[in-house]
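# Residue-level structure breakdown
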Amino acid sequence: MITAAAQGNGFLSPTGVEIAFVLVGLATLGAAVVTVTTKQLVHAALWLVVALGGIAVEYLLLTAEFIAWVQVLIYLGSVVVLLLFGLMLTKAPIGRSPDADSGNRPVALGVALVAAAALVWVVVDAFRTTWIDLDGPAQGSTRVSGEILFRHWVLPFEALSVLLLAALIGAIVLSRKEPAESADTAPPAVPATDKKGQR
C-alpha cells in the first residue's frame, strides 16, 4: 500500500512552486488586462512592463533560466524602452487619450477571444503527441534554445529586429517634423507707438 507521502504532491496538495506559478500567472493576467483597457498610453506601457516581467518570473519557475533572461533583456530592456521612446518622441499625451478608445470594445473583445481560442487549439494540437526526453538536456537550457533559435527561427528573429528598427526610425522622423509656418499665417506685427505722439 502506497502512503500519501510516497505518492508525492498531487492536484489537491500543490507545492510552493506551483502556488507561486498560479499567483504570478494571475498577476500577469491582470496586468495584461489593464494594459489593453487603460486609456492612458504611458500607463499602458508601464503595465506592459509588469506583464512581461511576470512572464519572465514564470519562466524562472519553470527552470528555463535562459528564456527568462532573454525575456528580461529583449522585451523589458529593448521593446518596452522602444515603446516609451516612441511615445516621448511622438509627443503622445500623458493623460487620457480619447483617440485611444474607438468605442468598438465588444467587437475587439470578441476578436480577442476567437484569436485566443484559435491559438490554444493550435498549440494543443501541435504538441498533443510530443514527448519530452527527461534524460536529455533541459528544454530551457542555453544549448537547446540556441539550436532552435539559430537553426529554425533565424529569419523571423531578424525580421523582428528590422521591424523594431523601422519603428524607432519612424518615431524619430515624426518627432522632427515641424509645421511649416507661411507668411500668411504669421500674426500681424504690432506697430510700435511713440510716446511723443501720445497726449
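Residues numbered from 1 in each chain as written. Predicted model: local features only at pLDDT ≥ 70, side-chain atom pairs only at ≥ 80, totals over all residues. Heavy atoms only, no water.

## So, the overall build of the protein
Our working definition: Secondary structure elements follow DSSP: runs of H or I of four or more residues count as helices, runs of E of two or more count as strands, with numbering from the N terminus. Per-residue accessibility, obtained with a 1.4 Å probe over protein chains only, is compared with the maximum for each type, and a residue is labelled buried under 20%, exposed over 50%, and partly exposed between these values. Note on contacts: a residue pair is in contact if any heavy atoms of the two residues lie within 4.5 Å. Areas reported as accessible are Shrake-Rupley estimates using a 1.4 Å probe. Residue values count occlusion only from the protein chains shown.
Counting secondary structure elements, the protein contains seven helices and zero strands. Secondary structure elements of the protein, listed N to C terminal, follow the sequence α-α-α-α-α-α-α. Residue burial in the protein is summarised as follows: out of 199 residues, 14% are buried. Look at the contacts in the protein between residues 6 or more apart in sequence, and 67% of them connect residues 24 or more apart. For the protein, the accessible surface area stands at approximately 16,000 Å², while carbon and sulfur atoms represent 70% of it.

## Quick word on the packing of helix α3 (residues 41–61) against helix α4 (residues 65–89)
For clarity, the cut-off: Convention adopted: a line fitted to C-alpha atoms gives each axis, helices being fitted over their contacting stretch, and angles between N-to-C directions are expressed from 0 to 180 degrees. Just so you know how the angles are binned, under 35 degrees is roughly parallel, over 145 roughly antiparallel, 65 to 115 roughly perpendicular, and the rest oblique.
Remark: α3 packs on α4, axes separated minimally by 8 Å, with the N-to-C direction vectors making an angle of 175 degrees. In terms of axis orientation, α3 runs roughly antiparallel to α4. Across the interface between the two elements, Leu41, Val42, Ala45, Leu48, Val49, Leu52, Gly53, Ile55, Ala56, Tyr59 and Leu60 from α3 touch Glu65, Ile67, Ala68, Gln71, Val72, Tyr75, Leu76, Val80, Leu83, Leu84 and Leu87 from α4.

## A short note on the environment of Val57
Tracing the sequence through the fold places Val57 in helix α3. Distance in space between the C-alpha atoms of Val57 and Gly25 is 9.1 Å, their sequence separation being 32 residues.

## Overview of helix α6 (residues 142–152)
Every buried residue of α6 is listed here: Val144, Ser145 and Gly146. Taken together, the buried residues of α6 touch α4.

## Some details on the environment of Leu76
Along the chain, the position of Leu76 falls in helix α4. Exposure remark for Leu76: the relative accessible area of 22% places this residue in the partly exposed category. Those residues in contact with Leu76, other than ones at most four positions away along the chain, are Val49, Leu52, Gly53, Gln71 and Val81.

## Looking at α3
Stated formally: One less than the residue count of a helix, multiplied by 1.5 Å, gives the span that helix is expected to have.
Taking 1.5 Å per residue, 21 residues should reach 30 Å; α3 reaches 31 Å between its end C-alpha atoms and fits that length. Taken together, the buried positions of α3 are occupied by Ala44, Ala45, Ala51, Leu52, Gly53, Gly54, Ala56 and Glu58. Among the residues trailing α3, Thr63 stands out with phi positive, at a value near 60 degrees.

## Some remarks on a nonpolar patch on the surface
To keep it simple, the criterion reads: Put simply, a patch holds well-exposed residues, over 30% relative accessible area, that have no salt bridge, with like charges counted together within 9 Å and Val, Leu, Ile, Met, Phe, Trp or Tyr side chains within 5 Å. The salt bridge criterion pairs a side-chain nitrogen of Lys or Arg with a carboxyl oxygen of Asp or Glu, the two atoms within 4 Å.
A surface patch of nonpolar side chains, amounting to about 600 Å² of accessible area, comprises Phe66, Val70, Leu73, Ile74, Tyr75, Leu160 and Leu163. For the nonpolar patch, the secondary-structure elements that each account for two or more residues are α4 and α7 (154–176). Counting through the fold element by element, Tyr75 comes out in helix α4. Judged by its relative accessible area of 35%, Tyr75 is partly exposed.

## As for the side chain of Glu58
Here Glu58 is to be found in helix α3. Residues in contact with Glu58, not counting those within four places in the same chain, are Phe21, Val24 and Gly25.

## Concerning the confidence of the model for the protein
Applied cut-off: Confidence of the predictor at the level of single residues is given by pLDDT, which spans 0 to 100.
Averaged over every residue, the pLDDT of the protein is 75; residues scoring 70 or more account for 70%. Ranking the helices and strands of the protein by mean pLDDT puts helix α2 (residues 16–37) first, with 90, and helix α1 (residues 4–7) last, with 46. With pLDDT under 50 throughout, residues 1–7 is counted as low confidence; its partners more than four residues away or in other chains account for one contact.

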